[in-house]
Every structure is written in structure tokens, then in C-alpha cells.
Amino acid sequence: MPNVRFNRLPIILVCVLLCIPQPASPEGDAGRDAPQKPAGSLTASDVAGIESIRDVSISPNGRWIAWVRRVADQEKNTRRNDIFLTRLADTLTVQLTRDSGNDRLPRFSPDGSALAFIRTEKKAKPQLYLYRMAGGEPEKLTSLQTGVRRFAWRSDGEILYTAREDSTLREVKLAKERDDAVVVADTEHYMPVRLFGLDTKSKKVRRLTVNDGEITEFAVSPDGRMVVTNENQDVNYEYDQRIPPRQFLLDLDSGGCREILTAPHVDPFNFQWDAAGGGFYCIRRIASDSTDTYVGIRRLYYYDLSTDRLAPVDAGWERGIGYTYGTVRDGAVVPLMDGTRYRIAIVRKTKRGYRKRILEAASGTPMVLLASQRNGHRIVYSVSDASSIPDVCAATIKGGKLEDEQTVVQLNEKLRTKRLAKSEIIRWRGALDEDIEGILYYPLEYRKGKRYPLVVSLHGGPAGVDRDFFTEGWSNYPHLLATRGTFILKVNYHGSAGYGLAWVESIKGHYYEYEVPDILSGVDHLVKLGLVDPERIGIMGWSNGSILAIECCLRSKHFRALCAGAGDVNWISDYGNCAFGAAFDNAYLGGPPWEDVDTYIEKSPLFRMDDLATPTLIMFGTKDINVPTEQGWEHFRAMQQIGTTPVRFLLFPGAAHGLAKPSHQKRKIEEELAWFDLHLFETYEAPDESLAEGSPLALLIKRSKAARHGGLLGETVDGILTPETVECAGLNVGRFEITRAQYAAFDAGYTYPIGTGNFPANGITFEQARDYCAWLSERTGRRFRLPTKDEMTKLIAAAKGNINHENNLEYWAGYTPAPEERESLAAKMEGLGEADLFLKEAGSFKPTGEHGVYDLGGNVAELVTTENKGTVMGLSAVSTADKRTDYVPPPMAYVGFRIVEVE
């Protein structure tokens, strides 16, 4: 596969977004705040359910974009891809596909009248589908035995695609005999992947190439005449990178085919034709040793058809470029790597060479390119930073600026109600006395002058990079960790991408030697600043991040807990078991183990495992071949046999290097949080596996954990019985309705029967409730108020699943009464006397939300503020939960209130 350099990177399905301001010193309160608004905290379910956008395509006329939303399908325990169309003029958005499987790569026809895409249905091979913009259902174009690999439009009526030939006689025979033996690296039967043409009307297919290798990518010229292909030659290329791919130029009109770019060690990939069709851009990996580019940086090149020459697009940038670039009518739009950020540039060719202009969003928020319009100047990009949810924007390049900028897609609406951590870019001195850059996330409730725990979260690669953009996902989730009251530090150690060639190559032959000191010195830096408690430090990582985290724990006693996901401990076995073992280990360790076994043993943590004193959680997918699952077994068995340090080994059945199932992602997060709670934060409470969730006993136990004083609900603050507040629906809201005992502390004239102090205060007017909030604020030094109408609407919506099981009319009737029956029941209830017969102690029914908010669907209706006046909302013990009935406030005897706390 010529367009990939295999590294130990966690596979993260997130929106790609970018960086922002100049780093400020972490001393004091400097840094970039997350948006300040009433909000709830992130949960593991939130993180596992994050939506992302991918495969964006701009229509030829620049009026539409097609894009794919990737979202968790909890019911099917998978991630689903759905295709959407958005009209840029007014952001009207239409969902084209739904619940149909894995739909991807939507691409417009040259005239914009149709949209082709690839669909992979369950247990089926990927096939081409066509959606006509005039309307109708998507039409299936192919039914290939081996499936479609890639495709591109040649003309309005023809699509080119790559696919393997149908099963050979040998394969049919083996299948008939149920012979599923596998020959490893079977060069004799290395099956070619070829190029085909498909007429979209007749569905007639013609073979365009008879190559022997595997076409891994191709690009079609704007006039549909020429095709450039990249063709793998060797089944072992992924493993050892020895025999490079070859590139060919096809003339579809004449049928001619010739090899191009035949000079040694060129290895271009990611081809994109320019708008005029005079040539194509591509990316090459550059290294100080031109014969070995496994470790290097990416640079943009241009191949000129008229001269048959490949030349660098030299725009004066030495730190390399990102993978996703695009072409516009008069140049290329290129992501320039710059440490924790991308800088998006328009690059144009002039008589004096190439000239770049940096593009900036009007808001100043950094950008990441998603798509460009080859025959125009439209681009689509994401904007974000490490403390904000991404937006997708579109704009037009005019000269060297962006104009007509607009937000066109906003995903993750639920996350926008959540509290996010403040973050900032920091620097410190690391190995070789060089500056190290990282991103620091603050605890949600950070207070200056107090020391907090720290979790170090390490990226993979090693040639990955942590950027100043929103990356919350299953492999790293700083905002969720911040809810635990901890700092989170991400480190761009030596060997990371984005800092130039010398930096990324610095660890070749020095693996561990620079990265680990970079990480440990970052920890020391935060301790010296007085931010971090040196006795409460944890570390986590996936892939190469896990590899470095393990080594950090062997070299330092700083760490109280280690979460190690898919990390190597034995480089000798890795050489043969890893899918790219020879390429990676030769590059970073200096050669194969039989030539330098001492280095392999010295570098392998397995042979020093008796020094590991950090409680360790090990996690692997059972089908991982990037960091082979056997590494986890070796790690676990060594610690288990030594027996001096707590260890837990978690396997995810069927998972590869990245966790795809939402259930796996959620479990991984929950396991790590529990491990940190147990060994770092010391807040862990073991779950009772004999207790059924939602059972009366479980509800009683949960309610018993609410704050109490002398048997009364609430907490004592300066001698005042104060209501407890928790997060729900984006608010810091009272866990219970204000109780009689709490209200009586304010109003000495308010009396109630003995034994009912935990009942909700009832018969309360708006003025009394408002005055209580003002009194409580003054006495406690905190700020309390009544909810607004909109806030209560959200709280009631959050409780909709509980309403039929709370203290309301349906509870007392035992069924859902009709209107005439309700009148009769109301008369009978009124005839029984006082409200105390029907009110219940606060919290007697199932709560709402993760933190438990009670009685949102019954007991007493609640007072809220609307336009500085009071009104009553919600259900009471005598109110019906029938949604078909207009709401009628209950009698005053069934009116109470709860409070909201604001910062």
C-alpha cells in the first residue's frame, strides 16, 4: 500500500480540527476557556456516541456538498455511515441514506446530476450505488464477487473502479473442499486488483487494465482521457517496504499505458489532477536518507505531463504537510504542519516559482481542510480548538483570503450542552535540552493555588501528533477525565509529526531515549509550577502511546496507575508478529533482532517487568496485528507471575487495532476510569453485581447516598440545611424539590406534621420561592435561583421516560384514566382530605439522569420564572401524565419548587 506509512497510531474516528493561540504560561489562570454556560458533564456514553463527518465532496457548480455522518448505532452495536446533502445557499440538509449499512465516498458526476457512492451491507462486499439528484431511491450498479475498492467518475455516463477479478478455479475448488488453510505471504497467488469501466445506464463493464499488481489508488484527468495509477508489486510490501509500488499513466482514448516516475525511491501517492489537466499533484515522503523514507515528512510535488517531470512544490515550508490536500481552479489548497496546528494555504504557481498565502477563518479559529472544488474556488473545512466542538464551514477563496464564509454543518448537538475543560499550549525543556510542546487541560473546577492530580495521555505513532483541536474519542478523552478533577497533559515528544524532518527522525536508533525524558520532564514541570500533586499522577496511551507509557512507569516511580492499550513489551516477537514489523523495527531499532539481539532485549520492557510497580490495566483487541495481541498476553503473564503489582487484562473479541463497536469503546473508557478511580483518585466504589438496576432496592440504596443531616435531606452549610445540587440537562439543579425542613429554616412560620420534613414543601407562592432563593444565596455565599421556563422544559423532557412511573394521577389510579374518569377520581381524592395523603417523601420514585434528579414527573408541580413572573410547570400527585391533555396547574396544595445553582 504505497500511500500509507504504518505506525502505531490509535484509529480515532473524529472530526479533524485544529489549533489556536500562542501558548501562555500555565501559572495562574491563563489559558483558553471552554464556552461558559450552564452545562452537564461528559459521560462515557457521550464519548462513545460522538458523531464525525467524513468524505466531503463539493458539487461541480459549488452549490451543494455531499458528506458522510459517522454515528454510533447502539442497537446494532456498530458505527453507521449515512450520506447527507447540504445546499450551501441556505444550509438545507437532506439525509440520502439511512440504516442501509456502511455508505461512504459520495462523489458527484461531472455535470452534478448524480451522486455515486460505495455501500457495504452486512456480510456483503462493497458495491457501487447511484443516486440521481432529480430524486428517487439509490440504484445498485454492481454486484461483484470481490467488491469495489475505489472509484471515480470519468464522464457523466461512466464510472471507473478498481476491483479484484472474480474467484479463480483454484479458489472455487478450495472453497468446495472447505479448505481454509492460509499460505502466509503467498506471492505465487498474489491476486491483481485492476481498473474497470462501468456504463451507468447499461451497467456494461469493460476491463481497462491487465496489470499483475494491486492498483491501490488512481486519479482521472478532468477531461476523462488520462488515468494515473499506483500499483503494489509485492504481497510483503506492508511488512518490509522493500519492493516499492510502480506508477502508470493510461490513455483511455488510445489504450496506451506507460510507466512513469521510474527513478528509485520516488514512491508518490495521493494523486490529484490540476483543473487544466496539464498534470497532477502528489505527495512524497522525504527523509535524510533518500533510500529509506519509512520515517520522514510529507511534501507536495507536481508531475507535468508535457515535460514528464516530477518537481517539488516548493512553497517555503520545512515542517511537512498533512495528508488531506485539494485542488482549486488556479492551484492547490494545502495543510501545512506546524506543531500543534495546521496552517491552510493556497499555493499557486507563478513565473518565479510557487507562492503560498495562508488562509484564515474570519473568526480566527483554526481550520482543517475537508474538501475543495477543483473547477472553482470553494472549500469546506472544520473549525475548532481543543476546548470547543467542531463546526463545518464553507467559503470561497478570493486572492489570498476567504470570503462568503458560513457554517454549514453542526454535529454533536448534545455535546454542546456539556461542560468542556479549559486548555492551553505549554512548553518545557526536554531531551537534548530542546523545547517540547504539549497541550494541558484543566480540571473542570480548577481553583488557583490548589494542587490537582494529573493524567498523562500519550498519542500514538510515534509520528503522530496531538493538535490543538477537539479529539475526544475512545482512545483519549481529556474532557471526560477533567470531570474527575484532574489535569490532563498531552505531549508532542521527539519523533512526533509536525515539527520538521530532524525532529521526526531524531528517535531513529534512539527509540525511548528521547521520548521518555520529554514526557517525564513535562510532568516535573507541572509539579514545579505547583499545579500537580506529585503523589497523584497516572498515565495512559494506546498503541505507541501505550508503549511509551509502559516505559515511563519503568523509569519513574511517579505513576500511581497505568492504562496500557495495545502496547508492545517484547520487540523480538514484534518483529515477526506485527503486520509491518520489519519496516518499523528496522527503522526505529536499527535492524533485525538477529543482527543486534542485545538492543532488542535492552529495549523490551518484558525483560525488566520485575521493576514495574505501577498498577496496570492492559487492553487489546483479539484481532490486532498492528500491535499483536500476543504482546498483551506476554505483558499480563509476566506481571501475573511476578505477582507484586495489581494487573488486569481486558480483551475485546474480534477487535483489530482500533475499537469499532460502541460497546467496546464504552467498556474501554469505563474500565480506565474505574482503574484511575481505584488507584489514582481513590474514589472507586465496587459495583454490586447482585443488584438489578432500577429495582426498588437499588433505588433505595441510590437515594440513601444523597446528602443528609440528622435524617433530613440536604447538607449543612454554616448551620443552614442546604439543598444538594447535581447536574442534569445542562443545569446544576436541586436533586430534590425543596423539602419542608429546608424551607422551614427560612420561614419560621412554616409548619408541618412530625415525620414529614423530607416531603416537598407545598402551598408555596412564587414570591416565597423567590425570596427563599435570595435568602439561601446570602446565607451560603453561593448563587441560587428558580429555573426558567425553558430550563424546566428541558428537565421535564429529560424525565419523559419516568413520567409514567412517578407520583402522579396514573400512579394513584393504577391506570391511565380517560377525561371523564379523571373528573371522578379528582372528586374522590379531594374528598379524602389533605394533600399529605398523596404526597410522598422526596425521592421515593426512580430518578432522572446519571446523577439522580428526583420527582420531575410528579409529587408537587414546580414554580419557574418567565419574564420575571412566576408560573407553575410539571406534574403533581393529582396531575395526569396523559400527553394528549392540555396542561392544567394543580391546586396550590400541590405546588412547590426546586432551585438552580449558578456559578
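Described in the following lines is the structure provided in the data block.

The rules behind these values
- Residues numbered from 1 in each chain as written.
- Predicted model: local features only at pLDDT ≥ 70, side-chain atom pairs only at ≥ 80, totals over all residues.
- Heavy atoms only, no water.
- Helix = DSSP H or I, 4+ residues; strand = E, 2+ residues; numbered from the N terminus.
- Rg over C-alpha atoms; globule rule 2.2 N^0.38 Å.
- Buried < 20%, exposed > 50% of the residue type's maximum accessible area, 1.4 Å probe, protein only.
- Contact = heavy atoms within 4.5 Å.
- Areas by Shrake-Rupley, 256 points an atom, 1.4 Å probe, with all protein chains shown as cover.
- Lys, Arg positive; Asp, Glu negative; His and termini not counted.
- Charge placed at Lys NZ, Arg CZ, Asp CG, Glu CD.
- Phe/Tyr/Trp six-rings, centres within 6.5 Å; stacked < 30°, edge-to-face > 60°.
- Pairing = 2+ DSSP bridges.
- Axes fitted to C-alpha atoms, helices over the stretch in contact; angles between N-to-C directions.
- Polar contact = N/O pair within 3.5 Å; in protein donor to acceptor, adjacent residues only side chain to side chain.
- Arc of directions from axis to C-beta.
- Salt bridge = Lys/Arg side-chain N within 4 Å of Asp/Glu carboxyl O.
- Core = buried A, V, L, I, M, F, W, Y, C linked by side-chain atoms within 4.5 Å.
- Patch = residues over 30% accessible without salt bridge, like charges linked within 9 Å, V, L, I, M, F, W, Y side chains within 5 Å.

## Description of the overall build of the protein chain
Each helix and strand counted, the protein chain has 18 helices and 47 strands in total. Against the 2.2 N^0.38 benchmark of 29 Å for 903 residues, the protein chain shows a C-alpha radius of gyration of 31 Å, consistent with a compact globule. Dimensions of the protein chain, computed from the C-alpha atoms along their principal axes, are close to 95 × 65 × 65 Å. Counting only residues that meet the buried cut, the protein chain has 58% of its 903 residues in that class. Restricting the contact set of the protein chain to residue pairs at least 6 apart, pairs at least 24 apart contribute 61%. Only carbon and sulfur atoms are counted for the fraction: they give 49% of the accessible area of the protein chain, which is about 38,300 Å². The averaged location of the 121 negative side-chain charges in the protein chain is 4 Å from the averaged location of its 110 positive side-chain charges.

## So, the packing of aromatic side chains
In this structure the tally under the stated criterion is 41 aromatic pairs. Geometrically, the ring pair formed by Phe 269 and Tyr 323 is stacked, given 6.0 Å between the ring centres and 15 degrees between the ring planes. Residue Phe 269 is found in strand 17 (residues 269-273), and its partner Tyr 323 is found in the loop between strand 20 (309-312) and strand 21 (326-328); the two are separated by 54 residues along the sequence. With a relative accessible area of 31%, Tyr 323 lands in the partly exposed category. Ring centres 5.5 Å apart and planes at 70 degrees place the aromatic pair Tyr 772 and Phe 897 in the edge-to-face group.

## What about the sheet that holds strand 25 (residues 367-372)?
Taking strand neighbours across the sheet as the criterion, the four strands line up as 25-26-27-28 in an open arrangement whose pairing is antiparallel. Strand pairing shows two members of the sheet lacking a second neighbour, strand 25 and strand 28 (401-409), which therefore form its edges. If you compare each strand with its neighbour and ignore which way they point, the axes differ by 30 degrees on average. Here strand 27 (residues 391-398) runs beside strand 28; their pairing, made up of six bridges, is antiparallel. Of the residues in strand 28, the one forming a bridge with Lys 398 is Lys 401.

## Let's talk about the side chain of His 657
Position of His 657 among the secondary structure elements: in the loop between strand 36 (647-652) and helix 12 (662-681). A polar contact of 2.8 Å, which involves the side chain of His 657, links it to the side chain of Asp 624.

## Some words on unusual backbone geometry
For the bond running from Gly 461 to Pro 462, omega is 10 degrees, close enough to zero to count as cis. With respect to the helices and strands, Pro 462 occurs in the loop between strand 31 (452-458) and helix 4 (478-482). With phi around 55 degrees, Asn 77 is a residue other than glycine that occupies positive phi space. Its place among the elements puts Asn 77 in the loop between strand 2 (64-73) and strand 3 (78-87). The backbone of Asp 433 sits at a positive phi, close to 55 degrees, despite the residue not being glycine. Counting through the fold element by element, Asp 433 comes out in the loop between strand 29 (423-429) and strand 30 (435-441).

## Looking at helix 16 (residues 789-798)
All buried positions along helix 16 are accounted for by Glu 791, Met 792 and Leu 795. Projection of helix 16 onto a plane perpendicular to its axis shows the buried side chains occupying an angular sector of 95 degrees, all on one side. Opposite the buried face of helix 16, by more than 90 degrees, sit the exposed residues Asp 790 and Lys 794.

## Focus on the sheet that holds strand 23 (residues 341-350)
Ordered by their spatial adjacency, four strands build an open sheet running 21-22-23-24, and the pairing between neighbours is antiparallel. If you trace the sheet from one side to the other, it starts and ends with strand 21 and strand 24 (353-358), each paired once. Taking each pair of neighbouring strands and ignoring which way they run, the sheet shows an average axis angle of 35 degrees. As paired elements, strand 21 and strand 22 (residues 331-338) share three bridges and run antiparallel to each other. When the bridges of strand 22 are listed, Gly 326 appears paired with Val 333.

## With respect to the pattern of salt bridges
Per the stated rule, a full pass over the model turns up 53 salt bridges. As a salt-bridge pair, Arg 80 and Asp 82 come within 2.8 Å of each other at their nearest N and O atoms. Classification of Asp 82 as buried rests on a relative accessible area of 0%. By sharing partners, the salt bridges in this structure join Glu 51, Arg 69, Asp 73, Arg 80 and Asp 82 into a single network.

## Description of the nonpolar core
Buried together is how nonpolar side chains tend to be arranged in soluble globular proteins. With 98 residues, the main nonpolar core has Ile 379 and Ile 539 as its most contacted residues. A per-element tally of this core places helix 7 (residues 544-555) first, with seven residues.

## A short note on a negative patch on the surface
Together, Glu 595, Asp 596, Asp 598 and Glu 602 make up a region of like negative charge exposed at the surface. Looking at the element boundaries, Asp 596 is found in the loop between helix 9 (581-589) and helix 10 (597-603). According to the relative accessible area criterion, Asp 596 is partly exposed, its value standing at 33%.

## Regarding the pairing of strand 7 (residues 127-132)
In summary, the side chains of a regular strand alternate between the two faces of the sheet. Of all six residues in strand 7, five are buried, a share of seventy percent or more. Of the strand pairs in this sheet, strand 6 (residues 114-120) and strand 7 are connected by six bridges, and their pairing is antiparallel. Each bridged residue has a counterpart across the sheet, and for Leu 115 the counterpart in strand 7 is Tyr 131. Connecting strand 6 to the antiparallel partner strand 7 that follows it, the hairpin turn spans six residues, and Lys 123 within it adopts a positive phi of roughly 60 degrees. Judged from the two bridges that link them, strand 7 and strand 8 (residues 139-140) form a sheet pairing that is antiparallel. Bridge pairing in strand 8 places Tyr 129 opposite Lys 140. Two successive antiparallel strands, strand 7 and strand 8, enclose a turn made up of six residues, where Gly 135 displays a positive phi of approximately 125 degrees.

## So, helix 2 (residues 169-176)
Of all eight residues that make up helix 2, zero are buried, and the element is exposed over most of its length. Downstream of helix 2 by a residue or two, Arg 178 has a phi angle that is positive, lying close to 55 degrees.

## Remarks on the environment of Leu 832
Among the structural elements, Leu 832 can be located in the loop between helix 18 (819-831) and strand 44 (861-866). Not counting the four nearest positions on each side in its chain, Leu 832 is found in contact with Leu 837 and Phe 838.

These figures come from the coordinates and say nothing about function on their own.
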